[in-house]
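# Structural overview
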Amino acid sequence: MPPLEISFAGYQKPESIHTRAGAYFGEVLNAELGDEVGFTLIPSVTELGHRQGDMIRLVGAGEFDLCYIAASFFTTNFVPAFGVIDLPFVFDGQHHGYRVMDGPLGQTLAAAIDDRSPYKWLGYWCNGMRHLSNSVRPIRAPADCEGIRIRTLTSPLHGETFRALGMMPEIADIAALLERSAAGTIDAQDNPLTNIFNFGIHELQPHITMTGHFWTPAVIVANKKAFQNWPGRVQAAIRSAAEASTRYQRGLALAEDVRIMALLEPPVEVVTLTPAERAAFAAATAPVVEAHRAEFGEALEQIAAAA
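Just so we're clear, the structure is a prediction, and the values are computed from it rather than from any experiment.

### Structural notes on helix H7 (residues 174-183)
Within the sequence span of H7, burial applies to Ile-174, Ala-176, Leu-177 and Ser-181. What you see down the axis of H7 is that its buried residues fit within an arc of 155 degrees, all on one side. Facing away from the buried side of H7 by over 90 degrees, the exposed positions are Glu-179, Ala-182 and Ala-183. Residues of H7 that are buried sit in contact with strand S5 (149-152), strand S7 (188-191) and helix H9 (201-204). Residue Asp-173 occupies the N-cap position of H7, its side-chain oxygen lying 3.2 Å from the main-chain nitrogen of Ala-175.

Shown next as structure tokens:
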């Protein structure tokens, strides 16, 4: 009998922590099942002529079996409750995020993915703390953000946050971000340091400010129908690979900021905010949190309790 072919799609470069974790996923799966499965990792769907945003749609359509995707995707598709994660300055760091997603809130959101979408939830990787970069000027205070054009994700709450800082948000995927940054029609963006460096954003936007304004998990999902049709032994091995690769990926994420900081050299300028300076950004964006407290109050309490 030929092996069961399983594909795992991503959108990053081979050296990224996500791609390395995807490869580790395959190693664990092959160790569990051997010749029963054939595992294919697609590091970046852009190499196949797709855009970053196509990846999750293609998994839903069954062209790929698994992928990782920023949790913000589910805010505007299927599970609006994920919006609480898109609120600014609600996470104190990566460990805080891990505790939340591994706890009751994360499991409730995972169950909602299974119930309301064509995807099967498998785990939460770490997209990291998001920081600002821009090509205009160093940013140390909210006033420095005024009038800057910033690329943002599809999450409406990200857009609200940047507007609260006086920025002008525009939705764009990573390819458009790079093209428009080079052309000078986008001034800024936010990403974890690993993405800022590995996508070469720092070469186009050399002013980096360590705001840590969002912490975002990446969700590992499978096509639900494909997963349900796999034999129980394969399903169990997929779950094991997801758990093992999650531990591995999070370990990479924790070490990544230190590694990237050592690689950033002039003319790149990294602004590390004092606690008081970071608090000023939190205060400037607090109205966004308050505007949605009635919607996300219980979840916000769970996040605060895990701090």
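### Points about the packing of aromatic side chains
A full pass over the atoms with the stated rule returns 19 aromatic pairs. Counting every residue linked through ring pairs, the aromatic cluster contains Phe-8, Tyr-11, Phe-25, Phe-39, Tyr-68 and Trp-125. Across from the ring centre of Tyr-98, 4.6 Å away, lies the NZ or CZ of Arg-250, which sits over that ring.

### Describing the nonpolar core
Membership of the largest hydrophobic core comes to 85 residues, with the highest contact counts inside it found for Leu-29, Phe-74, Phe-82 and Ile-238. At nine residues, helix H11 (residues 232-263) tops the list of elements feeding residues into this core. For Leu-29, the residues in contact, after removing those within four places along its chain, are Ile-6, Gly-34, Val-37, Phe-39, Ala-237, Ile-238 and Ala-241. With 14 residues, the next largest nonpolar core counts Ile-139, Ile-150, Met-167 and Val-271 among its residues.

### Structural notes on helix H12 (residues 275-291)
The terminal C-alpha atoms of H12, which comprises 17 residues, lie 24 Å apart, in line with the 24 Å expected from a rise of 1.5 Å per residue. At Thr-285, H12 shows its maximal bend, which comes to roughly 45 degrees, and the proline Pro-287 appears one to four places after that position. All buried positions along H12 are accounted for by Phe-281, Thr-285, Val-288 and Val-289. Close packing links the buried residues of H12 with helix H6 (156-164), strand S8 (207-223) and helix H13 (293-305).

### Notes on the pairing of strand S3 (residues 66-70)
The element S3 is largely enclosed, with a buried count of five among its five residues. Side chains Leu-66, Tyr-68 and Ala-70 project from S3 onto one buried face, and the interleaved Cys-67 and Ile-69 project onto a second face that is buried too. Where strand S1 (residues 4-9) lies against S3, two bridges are found, and the strand directions are parallel. Among the inter-strand pairings, Phe-8 is bridged to a residue of S3, identified as Leu-66.

What counts as what
Residues numbered from 1 in each chain as written. Predicted model: local features only at pLDDT ≥ 70, side-chain atom pairs only at ≥ 80, totals over all residues. Heavy atoms only, no water. Buried < 20%, exposed > 50% of the residue type's maximum accessible area, 1.4 Å probe, protein only. Helix = DSSP H or I, 4+ residues; strand = E, 2+ residues; numbered from the N terminus. Arc of directions from axis to C-beta. Contact = heavy atoms within 4.5 Å. Polar contact = N/O pair within 3.5 Å; in protein donor to acceptor, adjacent residues only side chain to side chain. Phe/Tyr/Trp six-rings, centres within 6.5 Å; stacked < 30°, edge-to-face > 60°. Lys NZ or Arg CZ within 6 Å of the ring centre and 35° of its normal. Core = buried A, V, L, I, M, F, W, Y, C linked by side-chain atoms within 4.5 Å. Expected span 1.5 Å × (residues − 1). Bend = angle between axes of the 7 residues up to and from the residue. Pairing = 2+ DSSP bridges.

Honestly, that's just the spatial picture; any functional story needs more than this.
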